[in-house]
Amino acid sequence: GGVAIACAVGGLIWILLARRVRSDYMHALVSSLNSRDHALRQQALLELGDSVDARTIDGLFSTLGSDDRESAMLGLDYLLRLRGERVLGGLARSLDFVPAPLQIRIVDHLSRQNYQPARTAVQELCDADDVTVQAAAIRALGRLTLLTIGEDERPTDAYLKSRDPEVRRAAIVAGLM
């Protein structure tokens with residue numbers, strides 16, 4: 001109760017004071033992403049959203065594995081706004097450890113950005129246990145395959161005979177892309 005509020009207020013005051021010196025401010029924000037205090041993590045994410053330096057990007061990636069689903073989604077929201085190999089590559093690598101709702105958003109984003117280096121990671125998710133992840137990965141792989149010249153057979157065709165109707169639908173949509 002009162003101790004948590006005092007910690008949050010103290011943390012927010014520290015962030016506001018550190019704002020005067022940019023490097024200290026950025027360090028404080030990135031450090032706050034690992035705080036046990038939810039309000040402090042949220043405030044740090046909101047403040048970091050305007051910065052795109054390497055330490056900030058690393059801090060945003062650290063939120064993706066958080067047990068706090070809201071912080072993870074907010075961190076992903078910011079990452080999806082950024083461009084560049086560092087961000088896209090990091091998103092592809094994060095597919096191994098993020099929860100299903102994040103996997104779905106990430107594979108969609110990577111395919112819409114035509115990030116071909118993610119094909120292997122996306123293709124591995126085509127056999128995920130979660131059918132919504134599987135269907136999203138199949139659709140994403142269909143987009144990535146469409147944008148690759150010279151494919152004789154689409155890798156999504158194998159899923160046309162799936163027992164799950166959502167997976168079959170995704171394979172059909174991927175085949176129409």
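Residues numbered from 1 in each chain as written. Predicted model: local features only at pLDDT ≥ 70, side-chain atom pairs only at ≥ 80, totals over all residues. Heavy atoms only, no water.

Focus: the overall build of the protein
Of regular secondary structure, the protein possesses 10 helices and 0 strands. The helix and strand sequence of the protein, counted from the amino end, reads α-α-α-α-α-α-α-α-α-α. Out of the 177 residues belonging to the protein, those deemed buried represent 46%. Taking the contacts inside the protein whose residues are at least 6 apart along the sequence as the reference set, 56% of them involve residues at least 24 apart. Put simply, the protein shows about 9,600 Å² of open surface, and 54% of that area lies on carbon and sulfur atoms. (Helix = DSSP H or I, 4+ residues; strand = E, 2+ residues; numbered from the N terminus. Buried < 20%, exposed > 50% of the residue type's maximum accessible area, 1.4 Å probe, protein only. Contact = heavy atoms within 4.5 Å. Areas by Shrake-Rupley, 256 points an atom, 1.4 Å probe, with all protein chains shown as cover.)

A word on unusual backbone geometry
The backbone of Asn114 shows a phi angle near 55 degrees, a positive value even though the residue is not glycine. Summarising the element assignment, Asn114 is placed in the loop between helix H7 (100-112) and helix H8 (119-125).

Structural notes on the environment of Leu82
Assignment of secondary structure puts Leu82 in the loop between helix H5 (69-81) and helix H6 (85-94). Between the C-alpha atom of Leu82 and that of Ile57, which follows or precedes it by 25 residues, the distance is 9.1 Å.

With respect to the pattern of salt bridges
Under the counting rule described, the total for this entry stands at 4 salt bridges. Between Asp77 and Arg105 there is a salt bridge whose closest N-O contact spans 2.6 Å. Of the two residues, Asp77 is situated in helix H5 and Arg105 in helix H7; the sequence distance between them amounts to 28 residues. When its relative accessible area of 27% is taken as the criterion, Asp77 is described as partly exposed. For Arg105, a relative accessible area of 29% translates into the label partly exposed. (Salt bridge = Lys/Arg side-chain N within 4 Å of Asp/Glu carboxyl O.)

Focus: H7
When the terminal C-alpha atoms of H7 are compared, their 18 Å separation across 13 residues agrees well with the 18 Å that a helix rising 1.5 Å per residue should span. Those residues of H7 not exposed but buried are Leu102, Gln103, Ile106, Val107, His109, Leu110 and Ser111. Among the residues trailing H7, Asn114 stands out with phi positive, at a value near 55 degrees. (Expected span 1.5 Å × (residues − 1).)

Brief notes about the side chain of Thr63
By the secondary structure assignment, Thr63 is in helix H4 (residues 54-63). Since its relative accessible area comes to 4%, Thr63 is described here as buried. At 2.5 Å, the side chain of Thr63 forms a polar contact with the backbone oxygen of Leu60. Leaving out residues up to four positions away in the same chain, Thr63 has contacts with Leu33, Leu45, Ser71, Ala72 and Gly75. (Polar contact = N/O pair within 3.5 Å; in protein donor to acceptor, adjacent residues only side chain to side chain.)

Some details on the nonpolar core
With 45 residues, the main nonpolar core has Leu79, Leu91, Leu95, Ile106, Leu110, Val122 and Ile138 as its most contacted residues. Listing elements by their share of this core, those giving two or more residues are helix H3 (38-48), H4, H5, H6, H7, H8, helix H9 (131-146) and helix H10 (165-176). When neighbours within four sequence positions are excluded, Val122 is seen to be in contact with Leu95, Val107, Ala137, Ala140, Leu141 and Leu144. (Core = buried A, V, L, I, M, F, W, Y, C linked by side-chain atoms within 4.5 Å.)

What to know about H6
Among the 10 residues of H6, 7 are classified as buried, and the element is accordingly described as predominantly covered. Among the residues making up H6, those that are buried are Val87, Leu88, Gly89, Gly90, Leu91, Ala92 and Ser94. Here the buried face of H6 lies against H4, H5, H7 and H8.

Section: the environment of Asn114
Judged by its relative accessible area of 32%, Asn114 falls in the partly exposed class. Counting along the chain gives 31 residues from Asn114 to Thr145, while the straight-line C-alpha distance between them is 9.4 Å. A distance of 2.6 Å separates polar atoms of two side chains, one belonging to Asn114 and the other to Gln116.

With respect to the confidence of the model for the protein
On average, residues of the protein carry a pLDDT of 81, and 79% of them reach 70 or more. When mean pLDDT is compared element by element in the protein, H7 scores highest at 96, while helix H2 (residues 22-32) scores lowest at 67. (pLDDT = per-residue confidence, 0-100.)

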